[in-house]
Amino acid sequence: MGIEEKLPAGFLLTTVEQVAGYMRKSSVWPATFGLACCAIEMMAVGTPDYDIARFGMERFSATPRQADLMIVAGRVSQKMAPVVRQVYDQMPEPKWVISMGVCASSGGMFNNYAIVQGVDHIIPVDVYLPGCPPRPEMLLNAILTLHEQIQNSKLGVNRVAAARAAEAAALSATPTHQMTGLLAQGAGTSLPLAGTSGHTHDHAHHQALGQDRSAHGGVA
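The sections below set out a description of the structure shown in this document. (Residues numbered from 1 in each chain as written. Predicted model: local features only at pLDDT ≥ 70, side-chain atom pairs only at ≥ 80, totals over all residues. Heavy atoms only, no water.)

**So, helix 1 (residues 16-25)**
Phase 1: Taken as a whole, helix 1 has its buried residues at E17, A20 and G21. Buried residues of helix 1, viewed axially, fall in a sector of 100°; they line one side. When the buried face of helix 1 is taken as reference, the exposed residues oriented beyond 90 degrees from it are Y22 and M23.
Phase 2: Residues of helix 1 that are buried in the fold lie against helix 5 (136-151) and helix 6 (156-172). (Buried < 20%, exposed > 50% of the residue type's maximum accessible area, 1.4 Å probe, protein only. Helix = DSSP H or I, 4+ residues; strand = E, 2+ residues; numbered from the N terminus. Arc of directions from axis to C-beta. Contact = heavy atoms within 4.5 Å.)

**So, the sheet that holds strand 2 (residues 69-73)**
Strand pairs in the sheet, formed through backbone hydrogen bonds, run parallel or antiparallel to each other.
Phase 1: Strands sit in the order 1-2-3-4 across an open sheet of four strands; the sheet is parallel. Here the strands that pair on one side only, and so sit at the sheet edges, are strand 1 (30-31) and strand 4 (127-129).
Phase 2: Taken together, the two bridges between strand 1 and strand 2 define a ladder with parallel strand orientation. Across the sheet, residue A31 finds its bridge partner in strand 2, namely M70. (Pairing = 2+ DSSP bridges.)

**What to know about the side chain of D68**
Phase 1: With respect to the helices and strands, D68 occurs in the loop between helix 2 (38-44) and strand 2.
Phase 2: Buried charge without a salt bridge: D68, with R24 as the nearest opposite-charge side chain at an N-O distance of 7.7 Å.
Phase 3: Polar side-chain contacts of D68 include one of 2.8 Å to the backbone nitrogen of W29.
Phase 4: For D68, the contacting residues outside a window of four places in its chain are S27, V28, W29, M91, P94, K95 and W96. (Lys, Arg positive; Asp, Glu negative; His and termini not counted. Salt bridge = Lys/Arg side-chain N within 4 Å of Asp/Glu carboxyl O. Polar contact = N/O pair within 3.5 Å; in protein donor to acceptor, adjacent residues only side chain to side chain.)

**A closer look at the layout of surface pockets**
Rolled over the atoms, a probe sized like a water molecule indicates the empty space that remains.
Phase 1: Taken as a whole, the largest pocket spans an internal volume of roughly 620 Å³.
Phase 2: Around the largest pocket, the lining is made up of 21 residues, and of these K95, W96, D126, R159 and A163 lie nearest the centre.
Phase 3: Those elements that place two or more of their residues in the lining of the largest pocket are strand 3 (96-100), helix 5 and helix 6.
Phase 4: With six residues, the top contributor of residues to the lining of the largest pocket is helix 6.
Phase 5: Classifying every residue of the lining of the largest pocket gives eleven nonpolar, three polar and seven charged. (1 Å grid on protein atoms, 1.4 Å probe; cavity = no way out; pocket = protein on both sides within 12 Å on 5 of 7 lines; lining within 4 Å. Points joined across faces, edges and corners; volume = space filled by probe spheres on them. Nonpolar A, V, L, I, M, F, W, Y, C, P; charged D, E, K, R; others polar.)

**Comments concerning the packing of aromatic side chains**
Phase 1: Counted by the stated rule, this structure contains zero aromatic pairs.
Phase 2: Taking the ring centre of W29 as reference, the NZ or CZ of R59 above it sits at 4.2 Å.
Phase 3: When the ring centre of Y88 is taken as origin, the NZ or CZ atom of K95, which lies over that ring, is 4.1 Å away. (Phe/Tyr/Trp six-rings, centres within 6.5 Å; stacked < 30°, edge-to-face > 60°. Lys NZ or Arg CZ within 6 Å of the ring centre and 35° of its normal.)

**Brief notes about the environment of G101**
Phase 1: With respect to the secondary-structure elements, G101 resides in the loop between strand 3 and helix 4 (102-106).
Phase 2: Separated by 37 residues in sequence, G101 and M138 have C-alpha atoms that sit 9.9 Å apart.
Phase 3: Dropping the residues within four chain positions of it, G101 is found in contact with C38, L129, G131 and P134.

**A look at the nonpolar core**
Phase 1: Ranked by internal contacts, the top residues of the largest apolar core, which has 24 residues, are L69, I98, M100 and L139.
Phase 2: Counting only elements with at least two residues in this core, the list comes to helix 2, strand 2, strand 3, strand 4 and helix 5.
Phase 3: Considering each element in turn, this core owes the most residues, six residues, to helix 5.
Phase 4: Not counting chain neighbours up to four residues away, the residues in contact with L139 comprise M42, V45, I71, M100 and L129.
Phase 5: F33, V84, V97 and V119 belong to the second largest nonpolar core, which has 16 residues in total. (Core = buried A, V, L, I, M, F, W, Y, C linked by side-chain atoms within 4.5 Å.)

As structure tokens, then:
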């Protein structure tokens, strides 16, 4: 008994974009691109415990010309950055990128000159996966998230419009150096905006702390 006995006869109504998205998400081939300890967790999804073969993704391609998904697993050094870009450029379109782990996404604990502070400085990223290192289940969740994006991706003129809308949203987003962190929120202050000096911000911050201590009977 096969699937042909289960499917009813009749018509199936859908769109070309939905059919293409379904076929693309069901035939994603990752590239072998492990850079650090996150690669161990990436290898684990190929074992029977997690079984990435359920999605037809058990074939990690050793050549970028036969891969359409780059999973950047681990920190990216300045020396490795040109290689990452070269491998990405050799992958055929359409292609996608998962930034696996905090080191690949933002540099992680390696806040120094030798490590790229986020692989999105080199290549576009579709899904960011947090963790140090993230569990194999988290990588599977990121893959399912990417599958949803692929399923709903646009084609033709709609693809161009979607790309322009995404670019406009990225340009209008608040830069990270202007975002308010949790520690700054707790102190009742915000990070200095563009065009303001850090000295003025520090003076206002210390003045606010002094007023708060005075109100509680402390020493300013």
